[in-house]
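Listed below, chain by chain, are the residues.
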Amino acid sequence: QQKELDSGRKYTINEITVTGAQNFNEQTVIAFTGLKKGDRIYIPGEKLSQVTKKLWEQNLFSDIAFYVTNVEGDNVDLELYIVELPKLREVVISGKGVRKAKKKEIIKDNDLKAGAKITKNLLTTTKNYITNLYKKDGFYNTEVTINTTPYTDSTGVEESRNMVISVDKGKRVKVKNINFEGNEQFSDGKLRRSMKKTKRKNLIRFWKRSKFTEEGFEEDRESLLKKYKSNGYRDARIINDTLRVLDRKNVALDINLEEGDKYYFGDIKFIGNSVFTDGQLRQILGIKTGEVYNGILLQERIQDDSDPEANDLTNLYQNNGYLAARINPVEVAVRNDTIDFEIRIMERSLFYFDHVTVIGNDRTNDHVIYRELRTRPGQKYSKRDVVRTIRELGQLGFFDPEQLSPNFKKVDENNGLVDLEYSVVEKGSSQIELQGGYGGGGFVGTLGLSFNNFSLRNIFNLSSYKPLPMGDGQKLSIRAQASSYYQTYSLSLTEPWLGGRKPVQLSTSFSHTIQNYYDPRQRRADKTRSFTITGGSVGLAKKVKWPDDYFVWSNAISFQHYNLNNYNTGLFTFGDGYSNNLAYTIGISRNNTATNPIYPTSGSDFSITAKLTPPYSAFNSVDYKALSRERDQLALTNPDNPEFVDDNKRISAIDQERFKWLEYYKIKFKGTWYTKLVEKLVLRTNTEFGFLGAYNQDRGIPPFERYFVGGDGLGAYSLDGREVIQLRGYPNQSLTPIDGNTIYNKFSLEVRYPVTLAQMASIYVLGFAEGGASYDGFRDYNPFELKRSAGVGLRIFMPAFGLLGIDFGYGFDPVLGGTEKNGWEPHFIIGQQF
Amino acid sequence: CSQYQQVLRKDDMGKKYALADSLYKMEKYKKSLKLMEQLVPVYRGKPQGEKLMFIYANTYYNLEDYYLAGYQFERFAQAYPQSDSIEVASFKAAKSFYQLSPRYSLDQKDTDKGLEKLQEFINQYPNSEKRTEANALVAELRGKLEKKQYEVAKQYLRVEDYKAAIDAFDNFITDNPGSSYRKDAFYGRFVAAYKLAINSIPVLVQERLRTAKGYYNNFIKYYKDTDLAPEALELYQDIESRIVPLETEPNT
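On a predicted model such as this, the values are computed, not experimentally measured, just so you know. (Residues numbered from 1 in each chain as written. Chains lettered and ligands numbered in written order. Predicted model: local features only at pLDDT ≥ 70, side-chain atom pairs only at ≥ 80, totals over all residues. Heavy atoms only, no water.)

**Q** What's the story with a nonpolar patch on the surface in this structure? I'm lost.
**A** On the surface, a cluster of nonpolar side chains totalling about 330 Å² of accessible area is made up of Ile557, Tyr584, Leu612 and Tyr695 of chain A. Examined against the element boundaries, leucine 612 of chain A turns out to sit in strand β26 (residues 600–612). (Patch = residues over 30% accessible without salt bridge, like charges linked within 9 Å, V, L, I, M, F, W, Y side chains within 5 Å. Areas by Shrake-Rupley, 256 points an atom, 1.4 Å probe, with all protein chains shown as cover. Salt bridge = Lys/Arg side-chain N within 4 Å of Asp/Glu carboxyl O. Helix = DSSP H or I, 4+ residues; strand = E, 2+ residues; numbered from the N terminus.)

Following this line, the structure appears as structure tokens:
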């Protein structure tokens, strides 16, 4: 029964029914339409269209229709017919070589989660997405099929659908040939070499596989033209390029070029410069009339985007206050093959820093940060200073160097003022060392704490313990180690800005070691026999502005007192007695490594120090010559001689006299350079030299403070101020006799590549080649007679644990006293930084 | 205590609610909180929810977890805009942010947020009995921000970067009219200018002494009878003794 509806008339809804709903509740659907019983609407009319549209936009239905089922006067019954879109239940992605991470990526990027509605659009976009995904990696023959199968509940009603995506990656497309046409100036080979991403198939070149990707080829088109442009062919262009599909695995590229003419630089004029003279600008530009035209170089000399600290024209202005300066090169005339340039400069006004603020310091106090800033209110704007400030804030070790950033908050051209805000992110800077283990006949426990951002003034302020008083930039380390027969305690404190006025660093340290005689037969310590060492040092280091302001001048006084109580050590010929080691150390060092102290990528670090004791023998009127002669004679005594015991006593007495106050001087040089090779690959070049000498040859060089070469270089349990020099590929201290040597040198090359430089853990891998040796005096010294080694290693730096690492070194030479090369040697590196 | 454990484990929400409430009244907040964490998702949107959400937020506040307290009070204020407790909740939300504000020498983003929230409260409830307290808190936070900026300027003086100090004090004076550090800032600017002058190369000394004199006049204009005036006067007299009258200055 068909009744006519009067389109100009309002009807009252009597009843609404929903048909076709499977998963949706009828009432829910009705509620959603917003229509209810008793509503008066035009049929057909705008209201119904709106409702349909609204439902459609939900993306839940594949069909929506309203039917009028009954009309009685003004009253109508409505039927809403819907077809629900199938719901997604589960996605399975299958395919050879489709990695788990890729699968996750596909699911995430296409929103393929349970409950999603399976629309045609979804299927198509997913398919395209996957094909493109693999295209990016050079798979041009990827085939994707998507099937959905119904999932029914127990009553047999389709509840949702499972989706199976099968991916056939196919073979990666390789470039069989790249043909050039129209090239006369450069050979095909040269042009192919300039293409970095798109390479021909070549078995020998295993490090870079041949593949073809749109992106890579796009880049290479640029680099092809760059090749021409940097050689005077500024008009060079690619007329067309064709990708020919040879078969499923191979494609060929045909590139048709037009080289154009070779051009030369003509006159270069500077316009608009008032601050710098033409001469100054020309010197930095470094391009002369008559040179082969090189558009790339010209751009680099004006603004080198690859290096923020480049010596280019833009930085000349940026480093001298002209924040808003703009420099544009303009071709003004082309005369045959010569191009005249005008370099138009808009200098604009000078800028000064106004408000300079720091944000993000949740732990470190303002004064610790502001004192390091090189950009202060009222100073002329300088990009170099901003870069340097960032570098130095990174080196404090309190902030994540990778997240430091300067933000220009307000640049006011009318007043020439710029507000700068440094954003910092705090990182953990305390380290804890807790060890326990059996060694040397008993339990050995170690507790070490090092707080790199301590606040000493709050040490008695209980409320600042959250969990420790932090934020004043002081460094406090406490370490205690104990076993049944020895204990050692040490404490050190460093204040980088003594008094807060000048960057004068005060460091103090104190240590105390008690070693008891360990009786191996009774397996216990004999408390009546002991060897104690008590020492301390105070040092001042000052940043100086000359020769340049990366220099640090340092002074320190150190003192150690050795006390032997019926205790024989290899160091002394006497078992009862004492020795004092008072020395003054003076040093100068320069460090401009940047930026991350854990992973420097540029700059250098070198230092020269001299450690001197007072020349006691010059004024204490002891005749060391006589003592020395007497000792030499006594030492010749045969052990069978009845006088042997007495003679030994006398030797002890002489040595006690010699070592009452140690007398020596020690000179050390150390230099390290960091060079960025490509991208993040860094070369570390290091050279070291050390020398220990005596003022008075008769008194001789003491057995202390000597050099021991070989091994991991970790400062072992040392009583005698010895210096352990790292030389990997050999066992610890295997390249020096047991008494140590007085001269050493070392050369090392290390290549580093970072795996990650995240805040939680910095990890890098390294490969090294090094050589070094120690010598007994200048007569032996030969800097070319080195023990050589090479190897690879890994370093992990975590803020809470410090540095952990492992190296495998191969020693090419025999160890001391050996005859065969040493071969592989593993080294574990703990705690030693950088 | 075992009864508490039983209730905590069972599913009886009514008992949990009653126990949570009584523990809250007994100020056993930690225990109460554990129960409330289970109750909150269940009662959200129900009639009991209003009271529960309020004491839930307040428990965090009493436990000095101001970060969550602020968040929960704000949620409460959004969810129950008609509630009788809305004013208290808004105030406590703002006060939570006030509590989060760290010492002046650290990053002050929480202070800024506290100020914003307190100001919102004052604007919304101009007749609230908490207004006096809110105003006091605002003043305290403002004072903190002022101290921060003042101390930075003072540090430039301390590290003998006089030019930066003058600029920073200048900025302080412009940015903070009516600050309690204003006197010290005027004085600091004068001292910085004085020290800059006497440590300058000879050609610049006279000009800079005159600048310093100008800053002295600025200082004395506002703070003639303050404790810093005698010290300032001493420096001023030194300036006077060094300054060469313009006429008699030799032509260079």
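**Q** Even after reading the chapter, I still don't get the confidence of the model for chain B, so can you show me in this structure?
**A** As a note on interpretation, predicted positions should not be read in detail where pLDDT is low. Mean pLDDT over chain B works out to 90, with 96% of the residues at or above the 70 mark. Across the interface, the model reports ipTM at 0.90; the global pTM reads 0.75. (pLDDT = per-residue confidence, 0-100.)

**Q** What is the right way to look at the interface of chain A and chain B in this model?
**A** Many descriptions give the size of an interface as the accessible area lost when the pieces come together. Residue-level contacts link 26 residues of chain A with 21 residues of chain B. With both chains or domains summed, chain A and chain B bury close to 1,800 Å², and 41% of this area falls on carbon and sulfur atoms. Broken down residue by residue, the surface that chain A buries against chain B is led by Arg376, Pro377 and Arg501 of chain A, which jointly contribute 28%. The interface formed by chain A and chain B contains 4 salt bridges. A salt bridge links lysine 502 of chain A to glutamate 160 of chain B, with the shortest nitrogen-to-oxygen separation between them at 3.3 Å. Our count for the chain A to chain B interface comes out at 15 residue pairs in polar contact (both at pLDDT 80 or more). Those elements that provide at least two residues to the side of chain A that touches chain B are β14 (352–359) and α10 (366–370) of chain A. No other element matches the 4 residues that β14 of chain A contributes to the side of chain A that touches chain B. Taken together, the residues that form the side of chain A that touches chain B break down as 7 nonpolar, 11 polar and 8 charged. (Contact = heavy atoms within 4.5 Å. Buried area = accessible area lost by both parts, 1.4 Å probe. Polar contact = N/O pair within 3.5 Å; in protein donor to acceptor, adjacent residues only side chain to side chain. Nonpolar A, V, L, I, M, F, W, Y, C, P; charged D, E, K, R; others polar.)

**Q** Would you explain the sheet that holds β14 of chain A in this entry?
**A** By definition, the strands of a sheet pair up through backbone hydrogen bonds, in either a parallel or an antiparallel sense. Residue and element names in this part refer to chain A. As summarised here, the arrangement of the 3 strands in space is β14-β16-β15, forming an open sheet in which the pairing is mixed. Two strands lie at the open edges of the sheet, namely β14 and β15 (405–412), each paired on one side alone. The sheet shows a mean angle of 20° between the axes of neighbouring strands, direction not considered. Pairing analysis gives 7 bridges linking β15 to strand β16 (residues 417–423), with the strands arranged antiparallel. When the bridges of β16 are listed, lysine 410 appears paired with aspartate 419. Each of β14, β15 and β16 is contacted by helix α11 (residues 383–395), which is oriented at about 20° to β16, the strand it contacts most. (Pairing = 2+ DSSP bridges. Axes fitted to C-alpha atoms, helices over the stretch in contact; angles between N-to-C directions.)

**Q** Just to check I follow, could you spell out the pattern of salt bridges for this structure?
**A** Opposite charge on two side chains permits them to pair, given that their charged atoms come into close proximity. Residue and element names in this part refer to chain A. By the definition in use, this model includes 54 salt bridges over all chains. Between arginine 348 and glutamate 413 there is a salt bridge whose closest N-O contact spans 3.8 Å. Of this pair, arginine 348 sits in the loop between β13 (338–346) and β14 while glutamate 413 sits in the loop between β15 and β16, and the two are 65 residues apart along the sequence. For arginine 348, a relative accessible area of 38% puts it in the partly exposed group. For glutamate 770, the salt bridge identified is with arginine 728, shortest N-O distance 3.1 Å. Taken as a pair, glutamate 770 in strand β32 (residues 762–775) and arginine 728 in the loop between β30 (723–725) and β31 (743–757) lie far apart in primary sequence, 42 residues in all. We classify arginine 728 as buried; its relative accessible area is 1%. Connected via shared salt-bridge partners are Arg728, Glu750, Arg752, Glu770, Arg795 and Asp807. (Buried < 20%, exposed > 50% of the residue type's maximum accessible area, 1.4 Å probe, protein only.)

**Q** Could you clarify how one ought to interpret the packing of aromatic side chains in this entry?
**A** Working definition: an aromatic ring pair is given by the centre-to-centre distance plus the angle between the planes. All names here are of chain A. Overall, the coordinates contain 54 aromatic pairs over all chains when judged by the stated rule. Ring geometry for tyrosine 562 against phenylalanine 704: centres 4.9 Å apart, planes inclined by 65°, an arrangement best described as edge-to-face. Of this pair, tyrosine 562 sits in strand β23 (residues 551–565) while phenylalanine 704 sits in the loop between β28 (682–693) and β29 (707–709), and the two are 142 residues apart along the sequence. According to the relative accessible area criterion, tyrosine 562 is buried, its value standing at 0%. For phenylalanine 704, a relative accessible area of 0% puts it in the buried group. Grouped by ring-pair contacts, the aromatic residues Tyr665, Phe689, Phe691, Tyr695, Tyr775, Phe778 and Tyr781 constitute a single cluster. Over the aromatic face of phenylalanine 708 sits the side chain of arginine 722, whose NZ or CZ is 3.9 Å from the ring centroid. (Phe/Tyr/Trp six-rings, centres within 6.5 Å; stacked < 30°, edge-to-face > 60°. Lys NZ or Arg CZ within 6 Å of the ring centre and 35° of its normal.)

**Q** Teacher, can you tell me more about a positive patch on the surface here?
**A** A surface patch of positive charge is lined by Lys96, Lys171, Lys174, Lys176, Lys201, Arg248 and Lys249 of chain A. The topology assignment puts arginine 248 of chain A in the loop between β9 (237–245) and β10 (250–258). (Lys, Arg positive; Asp, Glu negative; His and termini not counted. Charge placed at Lys NZ, Arg CZ, Asp CG, Glu CD.)

**Q** Would you mind showing me how to read a negative patch on the surface here?
**A** Together, Asp739, Asp776, Asp780 and Glu785 of chain A make up a negatively charged patch on the protein surface. Mapped onto the elements, aspartate 780 of chain A comes out in the loop between β32 and β33 (787–798).

**Q** Help me out: how do you make sense of the environment of lysine 102 of chain A in this one?
**A** All names here are of chain A. Topologically, lysine 102 is positioned in helix α3 (residues 100–109). Sequence spacing of lysine 102 and tyrosine 134 is 32 residues, and the spatial spacing of their C-alpha atoms is 10.0 Å. Those residues in contact with lysine 102 that lie beyond four places of it in its chain are Leu133, Tyr134 and Asp137.

**Q** How should the pairing of β26 of chain A be read in this particular structure?
**A** Within a regular beta strand, the side chains point alternately toward one face of the sheet and then the other, so they alternate between its two faces. Residue and element names in this part refer to chain A. Bridging between strand β24 (residues 577–591) and β26 involves 8 bridges; their strand directions are antiparallel. Bridging from a neighbouring strand, arginine 590 pairs with phenylalanine 606 of β26. Relative to β26, strand β25 (residues 594–595) runs antiparallel, the two sharing 2 bridges. Considered in β26, the bridge of threonine 595 is made with proline 600. What sits between β25 and β26 in their antiparallel hairpin is a turn of 4 residues. Where β26 lies against strand β27 (residues 665–676), 10 bridges are found, and the strand directions are antiparallel. For glycine 603, the partnering residue across the bridge sits in β27 and is tyrosine 674.

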